[in-house]
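# Topology and contacts: notes
Residues per chain, in single letters:
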Amino acid sequence: MSEHTPHAQAHGQRATKAVIPAAGLATRFLPATKAVPKELLPVVDRPVLQYIVEEASRAGINDVLLITGRGKTSMVDHFDRQPYLEARLEAKGDMERLAAVRGTSELAEIYTCRQGEPLGLGHAVSYAESHVGDAPFVVLLGDEFTEESQPLLPQMIELQSRTGGIVLAFIEIPDDQVNRYGIASVSDAGPDYADVENVVRVTGLVEKPAIGESPSNLAVVGRYVLPGAIFDAIRRTKPGSGGEIQLTDAMALLLAEGTPVHGIVYRGHRYDTGMPLGYLQAVVQLASERDDLGPAFTQWLKSFVAGLDGNAGKAA
């Protein structure tokens, strides 16, 4: 057994802090993200990052560390108080917008540190060590969030407190897309976890396998609950794909050394705003569901799509 093998995990200790890596350059959204962080692009009237912090807050996480990069200080500003703006709204009697503006500063305590150079997700997470210490913590990727009515984080946090190991979030994907994701080999979680819905035990992790060579169709997505042991594993992880320090490699190292790894297959809707198409889909879907916007917007959308179909018919 390796000298690094975690002999005793912190069973019963619940994650109370979240880390959001947000130092990337977001080149897919240029030139919009030249001066505006991708995490602050609006989905209707809230930035992506706010949806993510709200997701953490609903799960009982009130301490959030943003791993930022150069030119991204506005992400922290979004969660700060704005006395002048608040005073103007109050003077106008616009109490609804006043509550919305103040609410962002009350979601969680926001902390920040800067990653000097984006060298992989594992490298970004390593910056959180001094903030979270040896305690388990949540990692939330900064370009995706789950639907409010079907939360995922509370179940993940509870499961990690029972196992003391790693808990991942999975989605089922088509077989022809496995080469775009980290994919897990899994087995039955066993009778000890019969009370947990959609849980599997992870036996292996592979990054972007070739189509036809994937061990499953369960893809790792941007929610992790990790033990403090991950930091030592990251230090022992050599650069992998793209010359970067990959979090998947560090987790695979802990798995090989005996750390229990489980995953929960998410059945709700995951909004993936990391690429323009997914971002636009999130905007349309959430706008359609709004009581104040939905009826008029969906009526317009139907007319617009019908017009497209009609033009296509004429072209044919």
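Here the residue numbering is sequential within each chain, running from 1 through the sequence in written order. Local features in a predicted model are, by the rule used here, given only for residues with pLDDT of at least 70; side-chain atom pairs are given and counted only at 80 or more, and totals for whole chains, interfaces and linings are based on all residues. To obtain the side-chain values, all non-hydrogen atoms of the structure were used and water was disregarded.

- In the annotation of an unreviewed UniProt entry, the entry for the protein chain reads UTP--glucose-1-phosphate uridylyltransferase, and the organism field reads Catellatospora methionotrophica.
- UniProt positions are given in the numbering used here, feature names are shortened, and annotations may be inferred rather than shown by experiment. UniProt lists a comment for the protein chain under the heading Sequence similarities (unreviewed entry), and it reads "Belongs to the UDPGP type 2 family."

## A word on the overall build of the protein chain
- The number of helices and strands found in the protein chain is eleven helices and 13 strands.
- For the protein chain, the spread of C-alpha atoms along the three principal axes comes to 65 × 55 × 40 Å.
- Whether a residue is buried, partly exposed or exposed follows from its accessible area with a 1.4 Å probe, protein chains only, as a fraction of its type maximum: under 20%, in between, or over 50%, in that order. Out of the 316 residues in the protein chain, the part that is buried amounts to 46%.
- Nonlocal contacts in the protein chain, meaning residues at least 24 apart in sequence, comprise 78% of its contacts between residues at least 6 apart.
- Surface exposure of the protein chain reaches about 16,000 Å², of which carbon and sulfur atoms provide 52%. Each helix corresponds to a stretch of at least 4 residues labelled H or I by DSSP, and each strand to a stretch of at least 2 residues labelled E; elements are numbered beginning at the N terminus. Between two residues, a contact is recorded if the distance between any of their heavy atoms is within 4.5 Å. Areas reported here follow the Shrake-Rupley algorithm with a probe of radius 1.4 Å; residue values treat only the protein chains shown as occluding.

## Observations regarding the packing of helix α3 (residues 83-92) against helix α4 (residues 95-104)
- Angles shown run from 0 to 180 degrees and are taken between the N-to-C directions of axes, each axis being a line fitted to C-alpha atoms and, for helices, limited to the stretch in contact. At a minimum axis separation of 8 Å, α3 and α4 run at an interaxial angle of 160°. The orientation of α3 with respect to α4, classified from their angle, is roughly antiparallel. Crossing of α3 against α4: the hand is left-handed. Here L85, E86, L89 and E90 of α3 lie close against α4, whose contacting residues are R97, L98, V101 and R102. Note on angle classes: values under 35 degrees are labelled roughly parallel, values over 145 roughly antiparallel, values of 65 to 115 roughly perpendicular, and the remainder oblique. Crossings are sorted by hand: turned counterclockwise from the far helix by less than a right angle, the near helix makes the crossing left-handed, and turned clockwise it makes it right-handed.

## Details of the pattern of salt bridges
- One side-chain nitrogen of Lys or Arg within 4 Å of one carboxyl oxygen of Asp or Glu is enough to make a salt bridge. All told, the structure shown has 18 salt bridges when counted by the stated rule.
- For E55, the salt bridge goes to R223, with nearest N and O atoms at 3.0 Å. Here E55, found in helix α1 (residues 48-58), pairs with R223, found in strand β11 (residues 218-226); they are 168 residues apart in sequence, far enough to count as distant. Neither E55 nor R223 differs from the other in exposure class; each is buried.
- Between D292 and R290 there is a salt bridge; the shortest N-O distance is 2.9 Å.
- Using a relative accessible area of 55% as the deciding quantity, one classes D292 as exposed.

## Details of a nonpolar patch on the surface
- Residues W300, F304, V305 and L308 make up a contiguous nonpolar surface patch of about 390 Å² in total accessible area.
- For F304, the position within the fold is in helix α11 (residues 294-315). Two joining distances apply to patches: 9 Å for like charges and 5 Å for nonpolar side chains (Val, Leu, Ile, Met, Phe, Trp, Tyr), and every residue must have over 30% relative accessible area and no salt bridge.

## A short note on the environment of I230
- Its location among the elements puts I230 in helix α8 (residues 230-235).
- Judged by its relative accessible area of 0%, I230 is buried.
- With 65 residues separating them in the primary sequence, I230 and G165 have C-alpha atoms 9.7 Å apart.
- Discounting residues that sit within four places of it in the chain, I230 has contacts with F137, L247, A250, M251 and L254.

## Concerning the packing of aromatic side chains
- Pairing of aromatic rings covers Phe, Tyr and Trp, the last counted by its six-membered ring, and requires centre-to-centre distances within 6.5 Å; plane angles under 30 degrees mean stacked, over 60 mean edge-to-face, and any other angle means tilted. Counted by the stated rule, this structure contains six aromatic pairs.
- A ring pair is formed by Y51 and F145, whose centres lie 4.5 Å apart and whose planes are at 15°; its orientation type is stacked. Note that Y51 is positioned in helix α1 and F145 in strand β7 (residues 144-146), a separation of 94 residues in sequence.
- A residue is classified by how much of its surface remains accessible, and Y51, at 8% relative accessible area, is buried.
- Note on F145: relative accessible area 3%, which makes it buried.
- Here the aromatic rings of W300 and F304 are separated by 5.1 Å at their centres, their planes lie at 15°, and the arrangement is stacked. In this pair, W300 and F304 are both assigned in helix α11, four residues apart and thus about one turn of the helix distant.
- The rings of Y51, F145 and Y271 are connected pair by pair, giving a single aromatic cluster.

## A short note on the pairing of strand β1 (residues 17-22)
- In terms of burial, β1 is a largely internal element, five of the six residues being buried.
- As paired strands, β1 and strand β6 (residues 137-140) are joined by two bridges and run parallel to one another. Each bridged residue has a counterpart across the sheet, and for A18 the counterpart in β6 is V138. Whether two strands pair depends on DSSP finding at least two bridges between them.

## A few points about the side chain of Q160
- Relative to the assigned elements, Q160 resides in helix α7 (residues 153-163).
- On the basis of relative accessible area, Q160 is assigned to the buried category, the value being 1%.
- Distance and chemistry together define a polar contact, namely a pair of N or O atoms within 3.5 Å, with one atom able to donate a hydrogen and the other to accept it when in protein, and with adjacent residues in sequence counting only for side-chain atoms on both sides. At a separation of 2.9 Å, a polar atom in the side chain of Q160 contacts the main-chain carbonyl oxygen of G165.
- In this structure Q160 touches Q13, P136, G165, V167, V225, L226 and P227, once residues within four positions along its chain are discounted.

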